[in-house]
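Analysis of the macromolecular model
Okay, here's what each chain looks like letter by letter:
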Amino acid sequence: NTLGNSWRIAGDVNSWEDALFAIDTNANLTQFAGPGGFNDPDMLLGSGAGSSVRLTPQQSRTQFSTWAVMAAPLLLGANVANLTVH
């Protein structure tokens, strides 16, 4: 594609349930991802006080790990200056 190399596969991830839905959706779309093209399940959610939508630390780590395994873009929708370490 000459315009971009990623495409959204699910709606906005605003909860753990939304993250699970994106994971399930991606399971049926893996054949379309590869070099030069990526399934994008949405932004990563945080677990700290600076996150507008929060997951538990374990859920946040699971989301990050699963997105990485899916070769999804690892985009963070938060101000990195306000992030905390758990």
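Scroll up a little and you will see the structure.
Residues numbered from 1 in each chain as written. Predicted model: local features only at pLDDT ≥ 70, side-chain atom pairs only at ≥ 80, totals over all residues. Heavy atoms only, no water.

Of note in this structure, Asp42 is not a glycine but carries a positive phi near 110°. Inspection of the secondary structure assignment puts Asp42 in the loop between β2 (38-40) and α2 (57-69). (Helix = DSSP H or I, 4+ residues; strand = E, 2+ residues; numbered from the N terminus.)

The next thing to look at is the environment of Gly50. If you trace the backbone, Gly50 turns up in the loop between β2 and α2. When its relative accessible area of 43% is taken as the criterion, Gly50 is described as partly exposed. For the pair Gly50 and Gln63, spaced 13 residues apart in sequence, the C-alpha separation works out to 17 Å. (Buried < 20%, exposed > 50% of the residue type's maximum accessible area, 1.4 Å probe, protein only.)

Position of Asn39 relative to the elements: it lies in strand β2. What makes Asn39 buried here is its relative accessible area of 2%. A distance of 2.7 Å separates the side chain of Asn39 from the side chain of Trp7, its partner in a polar contact. Engagement of the side chain of Asn39 in a polar contact is seen with the side chain of Asn26, the distance being 3.0 Å. Those residues in contact with Asn39 that sit more than four places away from it in its chain are Trp7, Ile9, Asn26, Leu29, Thr30, Phe32, Ala33, Ala72 and Pro73. (Polar contact = N/O pair within 3.5 Å; in protein donor to acceptor, adjacent residues only side chain to side chain. Contact = heavy atoms within 4.5 Å.)

Moving on to the packing of helix α1 (residues 16-27) against α2. The N-to-C vectors of α1 and α2 enclose an angle of 20°; their axes lie 11 Å apart at closest approach. The angle between the axes of α1 and α2 places the two elements in the roughly parallel class. The element α1 and its partner α2 pack so that their crossing is left-handed. Residues Trp16, Ala19, Ala22 and Ile23 of α1 pack against Gln59, Thr62, Gln63, Thr66 and Trp67 of α2. The residue inventory of the contact of α1 with α2, partitioned by class, reads 5 nonpolar, 4 polar and no charged. (Axes fitted to C-alpha atoms, helices over the stretch in contact; angles between N-to-C directions. Parallel < 35°, antiparallel > 145°, perpendicular 65-115°, else oblique. Left-handed = near helix turned anticlockwise from the far one by under 90°. Nonpolar A, V, L, I, M, F, W, Y, C, P; charged D, E, K, R; others polar.)

Further remarks concern a nonpolar patch on the surface. Judged by side-chain polarity, Leu76, Val80 and Leu83 come together as a nonpolar surface patch covering roughly 270 Å² of accessible area. Mapping Val80 onto the fold places it in the segment after α2. For Val80, a relative accessible area of 62% puts it in the exposed group. (Patch = residues over 30% accessible without salt bridge, like charges linked within 9 Å, V, L, I, M, F, W, Y side chains within 5 Å. Areas by Shrake-Rupley, 256 points an atom, 1.4 Å probe, with all protein chains shown as cover. Salt bridge = Lys/Arg side-chain N within 4 Å of Asp/Glu carboxyl O.)

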